[in-house]
Structures are given as structure tokens and as C-alpha cells.
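Overview (structure and organization)
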Amino acid sequence: VMNADSISQLANDYLSKASQPGYSHLYGIAEAVLKPQVESGSNHLPILLAWAQVQQHQHRFSLAQQTLSLILQQDAAQPTALLLKARLHLIQGEL
């Protein structure tokens, strides 16, 4: 059984490769790796950050925003969460 750190590292490995041309299917694999942790209520920041990235890519913006809100409740100055939140606002034309 993998721990949360191993799962988040695996998901982030998929996410870094998924942004390259021809590898967008890896977003779905990253989502599948993360989903059991998220559904079990994990509050592990790396898991939640990766989950928010996947949701953003899948155009599930409200889910991404909800996840980012959970992260920012734990750490209001979390730089990656703040950057993702700003990116979501830009994507949705809110800035």
C-alpha cells in the first residue's frame, strides 16, 4: 500500500508528463491515482494540490476551486494554491 507522499509523487510525475504534447491522457491516470485519497477525505496538501490541477485541466473549475479553498483554509499563503486559484480566475475570465 502506498502512502500519501508516494501517491502524490506518482500523480505529480504523471502531471508533469501530461502537459507535453501527446500525453494528455496522463491527466486521467493521475486522477485515478488521486481519487481514492480524495474520496477518503485526505487533507494532505500535495494530494489536494495535484487533485486541483487535474480538475482544472478537466475543466471542472468549481471542483478545483473547492479543493483550493480547502488547501487555503489549512495554509492561507500556500503559493501553489494561490497561483492555481489566480490561473482559474484568468481561465474563467474573472480577472
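Residues numbered from 1 in each chain as written. Predicted model: local features only at pLDDT ≥ 70, side-chain atom pairs only at ≥ 80, totals over all residues. Heavy atoms only, no water.

Side note on the overall build of the protein chain
Convention followed: Only runs of H or I of at least four residues qualify as helices and only runs of E of at least two qualify as strands under DSSP, and these elements are numbered from the N terminus. C-alpha atoms define the radius of gyration in this analysis, and the globule rule sets the expected value at 2.2 Å times the number of residues to the power 0.38. Classification of residues uses two cut-offs on accessible area relative to the type maximum, computed with a 1.4 Å probe and protein chains only: under 20% is buried, over 50% is exposed, and between them is partly exposed. Positive charges are assigned to Lys and Arg, negative charges to Asp and Glu, while His and the chain termini are left out of the count. In this description, the location of a charge corresponds to atom NZ of lysine, CZ of arginine, CG of aspartate or CD of glutamate.
In terms of helices and strands, the protein chain carries five helices and zero strands. Helices and strands in the protein chain line up, N terminus first, as α-α-α-α-α. Its C-alpha atoms give the protein chain a radius of gyration of 13 Å, within 12% of the compact-globule value 12 Å for 95 residues. Principal axes of the C-alpha set define a box for the protein chain whose edges measure 40 × 35 × 20 Å. The 95 residues of the protein chain split such that 34% are buried. Charge separation in the protein chain, taken as the distance between the mean sites of 5 positive and 6 negative side-chain charges, equals 7 Å.

Topic: the nonpolar core
Applied cut-off: By nonpolar core we mean a set of buried residues, namely Ala, Val, Leu, Ile, Met, Phe, Trp, Tyr and Cys, connected to one another through side-chain atoms within 4.5 Å. The contact definition used throughout considers only heavy atoms, calling two residues in contact when any of these lie within 4.5 Å.
Ile 7, Ala 11, Leu 15, Ala 18, Leu 26, Tyr 27, Ala 30, Leu 34, Ile 47, Ala 50, Trp 51 and Val 54 form the largest nonpolar core, which has twelve residues in total. Those elements giving two or more residues to this core turn out to be helix H1 (4-18), helix H2 (26-39) and helix H3 (45-57). For Tyr 27, the residues in contact, after removing those within four places along its chain, are Leu 15, Ala 18, Ser 19, Val 54, His 57 and Gln 58. With eleven residues, the next largest nonpolar core counts Leu 49, Ala 52, Ala 64 and Leu 84 among its residues.

A word on H3
Convention followed: To estimate the expected span of a helix, count its residues, drop one, and scale the result by 1.5 Å.
An ideal rise of 1.5 Å per residue puts 18 Å on 13 residues; H3 measures up with 18 Å between its terminal C-alpha atoms. When H3 is considered as a whole, its buried residues turn out to be Ile 47, Leu 48, Leu 49, Ala 50, Trp 51, Ala 52, Val 54, Gln 55 and Gln 56. At the C-terminal side of H3, His 59 shows a positive phi close to 65 degrees.

Remarks on the packing of H1 against H2
Angle between the axes and distance between the axes are the two parameters that describe a pair of packed helices. What counts here: Structural elements are reduced to axes, namely lines fitted to C-alpha atoms, with helices fitted over the stretch in contact, and the angle between N-to-C directions of any two is expressed from 0 to 180 degrees. Comment on the angle field: the value is read as roughly parallel under 35 degrees, roughly antiparallel over 145, roughly perpendicular from 65 to 115, and oblique elsewhere. Each helix crossing is assigned a hand: it is left-handed if the near helix lies turned anticlockwise from the far helix by less than a right angle, otherwise right-handed if that turn is clockwise.
Packing of H1 against H2 brings their axes to within 8 Å, and their N-to-C directions diverge by 165 degrees. Between H1 and H2, the interaxial angle falls into the category roughly antiparallel. Crossing of H1 against H2: the hand is left-handed. Residues Ala 4, Ile 7, Leu 10, Ala 11, Tyr 14, Leu 15, Lys 17 and Ala 18 of H1 form the contact with H2, whose own contacting residues are Leu 26, Tyr 27, Ile 29, Ala 30, Val 33, Leu 34 and Gln 37.

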